[in-house]
Each structure stands twice: as structure tokens, then as C-alpha cells.
Amino acid sequence: MTNDRFGAREDAEGTRAGIGIMFAVTFTFSVMDALTKMAVQIYPAPQILWIRYMVFAGVTLAHGLRRRGRYLFVSRAIVLQLFRGFLLSGEILIFIVAFRYLPLADIQAIAAAGPLMTTALSVPLLKEQVGIRRWSAIGVGAIGVFIIIRPGFAAFDPMLLLPLFGIALYALYQVLTRKAARYDDASTTVLYTGVTGLVSMSCVGPFFWVTPDWTGLAIMAAIGVLGMTGHGLLIKALSLAPASVLQPLNYLMLPWAVLWGYLFYDDLPDLATIIGAAIVVASGIYTFHRERIVRNGG
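Below is a summary of the structure that appears in this document.

Rules and cut-offs
- Within each chain, residue numbers correspond to sequence positions counted from 1 in written order.
- Where totals are concerned, whole chains, interfaces and linings use all residues; where local detail is concerned, this predicted model gives features only for residues with pLDDT of at least 70, and gives and counts side-chain atom pairs only at 80 or more.
- By convention in this description, side-chain values take in all heavy atoms of the structure and omit both hydrogens and water.
- For the exposure calls, accessible area comes from a 1.4 Å probe over protein chains only, and a residue counts as buried if that area is under 20% of its type's maximum, exposed if over 50%, partly exposed in between.
- Residues belong to a common nonpolar core when they are buried Ala, Val, Leu, Ile, Met, Phe, Trp, Tyr or Cys residues joined through side-chain atoms within 4.5 Å.
- The contact definition used throughout considers only heavy atoms, calling two residues in contact when any of these lie within 4.5 Å.
- Put simply, DSSP H or I for four residues or longer makes a helix, DSSP E for two residues or longer makes a strand, and each gets a number counted from the N terminus.
- To estimate how far a helix should extend, the number of its residues minus one is multiplied by 1.5 Å.
- Here the arc refers to the set of directions running from the helix axis out to each C-beta atom.
- Interaxial angle, 0 to 180 degrees, is taken between N-to-C directions of lines fitted to C-alpha atoms, where a helix line uses only the stretch in contact.
- Roughly parallel here means an angle under 35 degrees, roughly antiparallel means over 145, roughly perpendicular means 65 to 115, and every remaining angle is called oblique.
- The crossing is said to be left-handed when, going from far helix to near helix, the turn is anticlockwise and less than a right angle, and right-handed when the turn is clockwise.
- Basically, the charged four are Asp, Glu, Lys and Arg, the nonpolar ten are Ala, Val, Leu, Ile, Met, Phe, Trp, Tyr, Cys and Pro, and anything else, Gly included, counts as polar.
- Under the pairing criterion, centres of Phe, Tyr and Trp rings, with the six-membered ring standing for Trp, must be within 6.5 Å; the plane angle then separates stacked pairs below 30 degrees from edge-to-face pairs above 60, leaving the rest tilted.
- A positively charged side chain is recorded as over a ring if its NZ (Lys) or CZ (Arg) lies within 6 Å of the ring centre. The angle to the ring normal must also be within 35 degrees.
- Note on definitions: the grid is 1 Å and covers protein atoms alone; a cavity is a set of points where a 1.4 Å probe fits but cannot get out; a pocket is an open set with protein on both sides within 12 Å along at least five of seven lines; lining residues have an atom within 4 Å of a point.
- Grid points are joined across faces, edges and corners, and a volume is the space filled by probe spheres set on the points.
- Patch building starts from residues that exceed 30% relative accessible area and form no salt bridge, then joins like charges within 9 Å and nonpolar side chains (Val, Leu, Ile, Met, Phe, Trp, Tyr) within 5 Å.
- Accessible areas in this description were obtained via Shrake-Rupley with a 1.4 Å probe; residue shielding takes into account the shown protein chains only.
- Counted as salt bridges are all cases of a side-chain nitrogen of Lys or Arg within 4 Å of a carboxyl oxygen of Asp or Glu.
- For this analysis, a polar contact is any N or O atom pair within 3.5 Å, provided that within protein one partner can donate a hydrogen and the other can accept it, and provided that sequence-adjacent residues contribute only side-chain to side-chain pairs.

1. Some thoughts on unusual backbone geometry
Step number 1: One non-glycine residue, aspartate 266, lies in positive phi territory at about 55°.
Step number 2: Accessibility expressed as a relative area gives 62% for aspartate 266, which makes it exposed.

What follows is the structure in C-alpha cells.
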């Protein structure tokens, strides 16, 4: 009984620590997005992403080689790893371009639909079971996205389709990452993510290079460091608390985006965006709730 209580206390403490770290994760990524929006007003998106991948791949390669040596490159799903790496670099590039033209809050409001898309794609690609309640939540979430984008109305901005396409690619990337976990160690997957992105952007970045001043170089380096820090914190949080508990906290990106958008760019979301985002977030939280119930046998 004593051991059971001690284990339960450890689990509870780990969960609380994971939740605390998740707050830091959303803050870190939101600052990275704000700096990216600042940088992309001056520098081309491929250049920003190229520098970001230089930091990402350099750190992951050094860390991975120290831990596993040459075996780090051994993969039982090499084509899958390469494809998901290229997919992620394309998705991030789309979002960087979107940051140039759209308010931070509008982008995050659409990005909130990501978990719903991931759930939908997990059915055909991972053969996961999704019940009628979660399918209903996905449908309601789609309505929220339509309210934000407003296709066919005078307020419709075609640029809003950019983050929608980007988040669809990211949802596919997440599903493929789950699939890769069946074959390879996490460190191998992280390595291929960074190296594949670096290779792809090294083929594109030089054609868009604009020599930065020291301020621009510092901002782009900070974007790379914040990206690495955020991913490291996320991995740590997931090692301490269940994903079903942490995933809804990703929606904290939305209030952070509203704050930075207002402070730095004098942007505030309109009423339709707020209503649509609220519907998407509520649908996503309900989906996570139902997933936890299903996994617990309820």
C-alpha cells in the first residue's frame, strides 16, 4: 500500500511538472513565432528556415552521435523518415510565409484545428478507431475553421488558406511520426527530422540569400535556438506527463499570439475569428477528453 501511494504521488508530481513545462513550451514557441514574423518582413522565408535548420541539425547531430555513434543513422523505415522530414520543412516554410501576411492570432486560430486533422488522418493511415462522438467533434471543429476563414464572404482573405494547408501537412507529419515510432528510436527520428530539413533547405536557401546585418542574424539565430529549446522542453514534458493531459495545453498558443500580436503589431482578432477559434478549441479539447476515456477503457 505504501509503495502504491508513493508511486501515485510520483505520478502526480510528474504530471504537475509536465504541465508546468508545457506552459514554458507554449511561451517559447510563441516568442519564436513573433520573432519569425518580425524577420520575414525583411528576409526571405527560405533563408530564415535554412538558418533555423542549421541550428536544429547541428545540435541534434552532435547530441545523437555522442549517444549512439554511427548507429544513429540506422533506420528501418528510411523512406518514411525522409518523407516526413521533407514534409515538415515544407509545412514550416508555409507558416513562415503566412506570418508575413497574416496576424499571429489568426494563424494560431486556424492552427488550433491541427489535432482534429491528426485524429481524422489517424483512421486511414494508422488504422485507429474513432467513434461517432470524436467524428462529430471534428465536424464541429471544421465549422469553426469555416467561420474563421469565411469563404465566399467579403471579408474572406485567400492568404488564410496558407495556414490551413500548412496545418494539414503538419497533421500528416504527426501521423507519420507516430508510424515511424514503430520502427525507429526517437533519437533517430529527431536526427532525420533535422538533417532532412537542412538538406532540403540547403538546396533552396542559397537562391534566396539576403546578407543580414547583425540584428537580423541575431534574430534568426534566436529563432533557431528557441525552436530547439521548445522541442527539448516538449520532449521533457512528455516524459513526465501523459500526452492526453498535455496536448490541450497547446491551445495556450492562441492567447500568447493575441498578446504578442497586440503588443508588437497592434493586431487584434475580430469577432468571427474569436467565435471560430472558440469552437475549434472546444472541439479539440472534447476530442482529447474522449480519446483519454477510450484509452482507459471507458
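2. Overview of the nonpolar core
Step number 1: Membership of the largest hydrophobic core comes to 64 residues, with the highest contact counts inside it found for Ile48, Tyr53, Ile96 and Ile223.
Step number 2: With residues near it in sequence (within four places) discarded, tyrosine 53 still touches Gly58, Gly85, Leu88, Ser89, Ile92, Thr193, Gly194, Gly197, Leu198 and Met201.

3. Details of helix H11 (residues 253-265)
Step number 1: Taking 1.5 Å of rise per residue, the 13 residues of H11 would be expected to cover 18 Å, and the 17 Å separating its terminal C-alpha atoms lies within 8% of that figure.
Step number 2: For H11, the full list of buried residues reads Met253, Leu254, Ala257, Trp260 and Gly261. Down the axis of H11, the buried set is contained in an arc of 130°. They therefore lie on one face.

4. Concerning the packing of helix H3 (residues 78-101) against helix H7 (residues 161-180)
Step number 1: Relative orientation of the contacting elements H3 and H7 amounts to 155°, with a least axis distance of 9 Å. The angle between H3 and H7 places the two elements in the roughly antiparallel class. Of the two possible hands of crossing, H3 and H7 adopt the one that is left-handed.
Step number 2: Its residues assigned to classes, the contact of H3 with H7 comprises 18 nonpolar, three polar and three charged.

5. So, the packing of aromatic side chains
Step number 1: Scanning all chains against the criterion turns up eight aromatic pairs.
Step number 2: Where phenylalanine 27 meets tryptophan 260, the ring centres are 6.1 Å apart and the plane angle is 65°; that geometry is what we call edge-to-face. Of this pair, phenylalanine 27 sits in helix H1 (residues 2-40) while tryptophan 260 is found in helix H11, placing the two residues 233 residues apart along the sequence.
Step number 3: Here tryptophan 260 falls in the buried class, since its relative accessible area comes to 13%.
Step number 4: Ring centres 6.5 Å apart and planes at 65° place the aromatic pair phenylalanine 264 and tyrosine 265 in the edge-to-face group.
Step number 5: Put simply, the rings of Phe27, Trp256, Trp260, Phe264 and Tyr265 pair up and form one aromatic cluster.
Step number 6: The ring of tyrosine 265 has lysine 37 sitting right over it, with the charged end atom 5.3 Å from the ring centre.

6. Some remarks on the environment of isoleucine 167
Step number 1: With respect to the secondary-structure elements, isoleucine 167 resides in helix H7.
Step number 2: For isoleucine 167, a relative accessible area of 6% gives the class buried.
Step number 3: The contacts of isoleucine 167, once residues within four sequence positions are left out, are Phe95, Ile110, Ala111, Gly114 and Met117.

7. Quick word on empty space enclosed by the protein
Step number 1: Per the counting criterion, the structure on display carries one cavity of 30 Å³ or more.
Step number 2: If you trace the largest cavity, you find it lined by Ser30, Asp33, Ala34, Leu104, Gln108, Met253 and Ala257.
Step number 3: Only H1, helix H4 (104-111) and H11 provide two or more residues apiece to the lining of the largest cavity.
Step number 4: A total of three residues in the lining of the largest cavity trace back to one element, the largest contributor, which is H1.
Step number 5: Of the residues belonging to the lining of the largest cavity, the class tally is four nonpolar, two polar and one charged.

8. Details of a nonpolar patch on the surface
Step number 1: On the surface, a cluster of nonpolar side chains totalling about 530 Å² of accessible area is made up of Leu259, Tyr262, Leu263, Phe264 and Leu268.
Step number 2: Considering the arrangement of structural elements, one finds leucine 268 in the loop between H11 and helix H12 (271-295).
Step number 3: On the basis of relative accessibility, which here comes to 58%, the residue leucine 268 falls in the exposed class.

9. Quick notes on the side chain of threonine 60
Step number 1: Of note, threonine 60 is situated in helix H2 (residues 45-68).
Step number 2: Separated by 2.9 Å, the side chain of threonine 60 and the backbone oxygen of phenylalanine 56 make a polar contact.
Step number 3: Within the structure, the side chain of threonine 60 is placed 3.1 Å from the backbone oxygen of alanine 57, a separation counted as a polar contact.
Step number 4: If sequence neighbours within four positions are ignored, threonine 60 has contacts with Val190, Leu191 and Met228.

Shape is all these values report; function is a separate question.
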